[in-house]
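Each chain, written out:
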Amino acid sequence: GNSVTQMEGPVTLSEEAFLTINCTYTATGYPSLFWYVQYPGEGLQLLLKATKADDKGSNKGFEATYRKETTSFHLEKGSVQVSDSAVYFCALNSGGSNYKLTFGKGTLLTVNP
Amino acid sequence: DGGITQSPKYLFRKEGQNVTLSCEQNLNHDAMYWYRQDPGQGLRLIYYSQIVNDFQKGDIAEGYSVSREKKESFPLTVTSAQKNPTAFYLCASSITRDRAYEQYFGPGTRLTVT
């Protein structure tokens with residue numbers, strides 16, 4: 001079956017530090033890959049996505065590249081801000097019979113001023 | 001503005017009572033989903049529906065029920081058979097049956113059962 005593995009959190013960084021959150025996946029076929037962000041007490045918001053190998057998704061300074069050879073979709077940001085503090089979820093959709101999303105367990109990021 | 005609404009934001013119930021969580025979307029999406037979120041466990045799929053009057057069990061459907069009588073509405077009932085109902089519940093929808101399209105999420109309902 002499909003699965004997503006994210007790096008364990010929590011991750012604590014100082015403002016302007018470089019961020020990497022690792023994500024690897026196992027899936028049949030050619031999945032689409034997503035990063036979602038969840039701020040405290042809220043629902044999930046789509047951060048970025050990539051639908052085929054070598055695609056790079058980007059949004060608000062965050063980037064992730066779909067690497068089929070390493071089955072990875074690592075999230076990066078060059079300079080984090082306090083407002084980036086949130087939980088980040090990696091997810092995939094491989095289609096099939098139900099088009100459901102398979103999520104990683106989430107990574108809590110705290111950015112200190 | 002288009003989006004997904006869930007109500008109420010917080011819900012408190014006594015053990016043994018059924019409770020229904022509301023989910024409405026005005027995005028004209030065909031597919032709708034219910035997820036449960038527990039600390040440290042990510043999101044787990046409860047039920048999903050691809051079209052009106054049809055729905056399928058997800059990974060953790062026991063103790064839950066749903067209906068899909070209208071395209072825009074997908075209410076979830078947490079029954080007394082659900083052994084551990086206290087959780088954060090998220091409703092989502094998506095535009096079509098296509099793996100490339102993202103799911104849009106509502107703000108969630110936090111259910112506490114005592």
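The model shown is predicted, which means the values in this text are computed figures rather than measured ones.

### Quick word on the state of the cysteines
By definition, a disulfide links the sulfur atoms of two cysteine residues through a covalent bond.
All names here are of chain A.
And then number 1: Taken as a whole and assessed by the stated rule, the structure comprises two disulfides over all chains.
And then number 2: Two residues, Cys23 and Cys90, share a disulfide whose sulfurs are 2.0 Å apart. Between Cys23 and Cys90, the disulfide has an S-S torsion of -70 degrees and is therefore left-handed. Taken as a pair, Cys23 in strand E4 (residues 23-26) and Cys90 in strand E10 (residues 86-93) lie far apart in primary sequence, 67 residues in all.

### Describing the pairing of E4(A)
It is a general feature of regular strands that their side chains alternate between the two faces of the sheet.
Residue and element names in this part refer to chain A.
And then number 1: Only one face of E4 is covered, namely the face carrying Cys23 and Tyr25; the face carrying Thr24 and Thr26 is uncovered.
And then number 2: Both strand E1 (residues 3-6) and E4 contribute to a ladder of four bridges, which runs antiparallel. By the bridge assignment for E4, Gln6 is matched with Cys23.

### Focus: unusual backbone geometry
And then number 1: The omega torsion across Gly9(A) and Pro10(A) is -5 degrees, close enough to zero to call that bond cis.
And then number 2: The omega torsion across Ser7(B) and Pro8(B) is -10 degrees, close enough to zero to call that bond cis.
And then number 3: With respect to the helices and strands, the residue Pro8(B) is situated in the loop between strand E1 (4-7) and strand E2 (10-13).
And then number 4: Here Glu16(A), not a glycine, exhibits a phi torsion of approximately 75 degrees, which is positive.
And then number 5: Along the chain, Glu16(A) turns up in the loop between strand E2 (11-14) and strand E3 (19-21).

### A word on the interface of chain A and chain B
And then number 1: In this assembly, 25 residues from chain A lie in contact with 24 residues from chain B.
And then number 2: Taken together, both faces of the contact between chain A and chain B bury some 1900 Å²; the carbon and sulfur share is 51%.
And then number 3: At the surface where chain A touches chain B, the tally comes to one salt bridge.
And then number 4: Where Lys49(A) meets Glu102(B), a salt bridge forms, and the shortest distance between an N and an O atom there is 2.8 Å.
And then number 5: Across the contact surface, chain A and chain B share five residue pairs in polar contact (both at pLDDT 80 or more).
And then number 6: Of all elements in the fold, only strand E5 (32-38), strand E6 (44-50) and E10 of chain A reach the threshold of two or more residues within the side of chain A that touches chain B.

### With respect to the sheet that holds strand E3 (residues 19-25) of chain B
Residue and element names in this part refer to chain B.
And then number 1: With antiparallel pairing, four strands are arranged side by side in an open sheet as E1-E3-E8-E7. If you trace the sheet from one side to the other, it starts and ends with E1 and strand E7 (64-66), each paired once. Taking the axes of each pair of neighbouring strands and ignoring which way they run, one obtains an average angle of 20 degrees across the sheet.
And then number 2: Examined bridge by bridge, E1 and E3 share four bridges and lie antiparallel to one another. Residue pairing for E3: Ile4 is matched across the bridge by Gln25.

### Structural notes on the side chain of Ser72(A)
And then number 1: Tracing the backbone shows Ser72(A) in the loop between strand E8 (62-65) and strand E9 (75-77).
And then number 2: Note on Ser72(A): relative accessible area 4%, which makes it buried.

About the thresholds
- Starting afresh in each chain, residues are numbered from 1 along the sequence in its written order.
- Throughout, the order in which chains and ligands are written sets their labels, letters from A for the former and numbers from 1 for the latter.
- Only residues with pLDDT of 70 or above have their local features reported here, since the model is predicted, and side-chain atom pairs are shown and tallied only from 80 upward, although totals for entire chains, interfaces and linings are computed over all residues.
- In computing side-chain properties, one takes all heavy atoms of the structure into account and sets aside hydrogens as well as water.
- Only a pair of cysteine sulfur atoms within 2.5 Å counts as a disulfide in this structure description.
- Put simply, DSSP H or I for four residues or longer makes a helix, DSSP E for two residues or longer makes a strand, and each gets a number counted from the N terminus.
- A simple rule labels every residue: compare its accessible area, found with a 1.4 Å probe on the protein chains alone, to the largest value its type can have, and call it buried under 20%, exposed over 50%, or partly exposed in between.
- When DSSP finds at least two bridges between two strands, those strands are taken to pair.
- By definition, residues are in contact when any of their heavy atoms lie within 4.5 Å.
- Accessible-area loss on putting two parts together, using a 1.4 Å probe and summing over both, is the definition of buried area adopted here.
- Whenever Lys or Arg places a side-chain nitrogen within 4 Å of a carboxyl oxygen from Asp or Glu, that contact is recorded as a salt bridge.
- We call two N or O atoms a polar contact when they sit within 3.5 Å, provided that within protein one can donate a hydrogen and the other can accept it, with sequence-adjacent residues counted only if both atoms are side-chain atoms.
- To get an axis, fit a line to the C-alpha atoms, keeping to the stretch in contact for a helix; angles then go from 0 to 180 degrees between the N-to-C directions.

Taken by themselves, the reported measurements are silent on function.
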